[in-house]
Amino acid sequence: MFPTLIPNPGGLVYNLRSDGRMSFSDIIGQGRIKRILGKALERGRLPNSLLLAGPPGVGKIDTALVTAKALNCLSTDRPTPKPCSKCESCLAVAEGEDVDVVEIDAASNTGVDNIRELREMAKLAPGEGHNRVFVIDEVHMLSKGAFNALLKILEEPPARVYFCFATTEPNK
């Protein structure tokens, strides 16, 4: 079973865009998922696909973006659970300008053609970072055809490609 993000009791929501220094330690109320991701990154055993599920506002996208920073931080030659937040890659992720981190809103990109485009992008080698990361928000909104097109790349993912899926409806 996939770990599920739980609502944080204080209701605090951090925006990675406004605080580029954000790391796993800055995500409130997600101790279990932070430990799981941290250990997987330390051991070099992060799966190529993550499903981050939970109600709106719990930090699914922030968690995905911090994971992207951890995978591409240039202060080390391998993924790290403690991205530096100072290198070009970390700053680019925080500003939404990293060529190796692609954010997709599945609510407005629901079609098969959108997923075909994603599959073509996934075949490309990372540009500046170590890995290519696709963050797909509202993944439950993909059409059935689009999801079937996505399954092909999930079954046989290219090397150095990671997917972070965020959803409020993991049963879909």
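For every chain, the first residue of the written sequence is number 1, and numbering continues from 1 along that sequence. For this predicted model, a pLDDT threshold of at least 70 governs which residues receive local features, and a threshold of 80 or more governs which side-chain atom pairs are given and counted, while totals over whole chains, interfaces and linings are taken from all residues. Each side-chain value is derived from all of the structure's non-hydrogen atoms; neither hydrogens nor water enter the calculation.

Draft legend 1. Representation of the overall build of the chain. Helical segments are the DSSP runs of H or I of at least four residues, strand segments are the runs of E of at least two, and each set is numbered from the N terminus. Secondary structure summary: the chain contains five helices and four strands in total. N-terminal to C-terminal, the α/β element order of the chain is α-β-α-α-β-α-β-α-β. Relative to its 172 residues, the chain shows a buried fraction of 45%. Note on contacts: a residue pair is in contact if any heavy atoms of the two residues lie within 4.5 Å. Put simply, 76% of the contacts in the chain that link residues at least 6 apart link residues at least 24 apart. Note that accessible areas follow from Shrake-Rupley with a 1.4 Å probe, and for residues the cover is restricted to the protein chains shown. A total of about 9,100 Å² of accessible surface is found on the chain, and carbon and sulfur atoms cover 52% of it. Burial classes follow relative accessibility: with a 1.4 Å probe on protein chains only, a residue under 20% of its type's maximum area counts as buried, one over 50% as exposed, and anything between as partly exposed.

Draft legend 2. Looking closely at the side chain of Thr67. Tracing the sequence through the fold places Thr67 in helix H2 (residues 60-72). Once you skip the residues sitting within four places of it in the chain, Thr67 turns out to touch Phe24, Leu37, Leu46, Leu50 and Cys164.

Draft legend 3. Here's a closer look at the side chain of His140. Along the chain, His140 turns up in the loop between strand E3 (132-137) and helix H5 (144-155). On the accessibility criterion, His140 (12% relative accessible area) is buried. Whenever a nitrogen or oxygen atom comes within 3.5 Å of another N or O atom, the pair is scored as a polar contact, on the condition that within protein one atom can donate a hydrogen and the other can accept it, and that pairs from neighbouring residues in sequence are kept only if both atoms are in side chains. A polar contact of 2.7 Å, which involves the side chain of His140, links it to the side chain of Thr167.

Draft legend 4. Molecular detail of the packing of aromatic side chains. Pairing of aromatic side chains here covers Phe, Tyr and the six-membered ring of Trp, requires ring centres within 6.5 Å, and sorts the geometry by plane angle: under 30 degrees stacked, over 60 edge-to-face, intermediate tilted. Applying the stated criterion across every chain yields a total of two aromatic pairs. Between Phe134 and Phe163 the ring centres are 5.4 Å apart and the planes differ by 20°, which places this aromatic pair in the stacked class. With Phe134 in strand E3 and Phe163 in strand E4 (residues 161-167), the pair connects residues that are 29 residues apart, well separated along the chain. Exposure remark for Phe163: the relative accessible area of 1% places this residue in the buried category. Between Phe163 and Phe165, the aromatic rings sit 5.9 Å apart at their centres with planes inclined by 5°, giving stacked as the arrangement. For Phe165, a relative accessible area of 8% corresponds to the buried category. Site record: aromatic cluster; members linked through ring pairs are Phe134, Phe163 and Phe165.

Draft legend 5. Structural context of helix H1 (residues 31-43). Under the 1.5 Å per step criterion, the end-to-end length of H1 is 18 Å for 13 residues, consistent within 8% with the ideal 18 Å. Where H1 is concerned, the buried positions are Ile33, Leu37, Gly38, Ala40 and Leu41. Projected onto a plane normal to the axis of H1, the buried residues spread over an arc of 165° and lie on a single side. Residues of H1 that are exposed and point more than 90 degrees away from the buried face comprise Arg32, Arg35, Glu42 and Arg43. Where H1 is buried, its residues touch strand E1 (49-53) and H2. Gly44 sits one or two positions beyond H1 and adopts a positive phi of about 70°. Given a helix with a known number of residues, its expected span is that number minus one, times 1.5 Å. Of all possible arcs, the one meant is that of the directions from the helix axis to the C-beta atoms.

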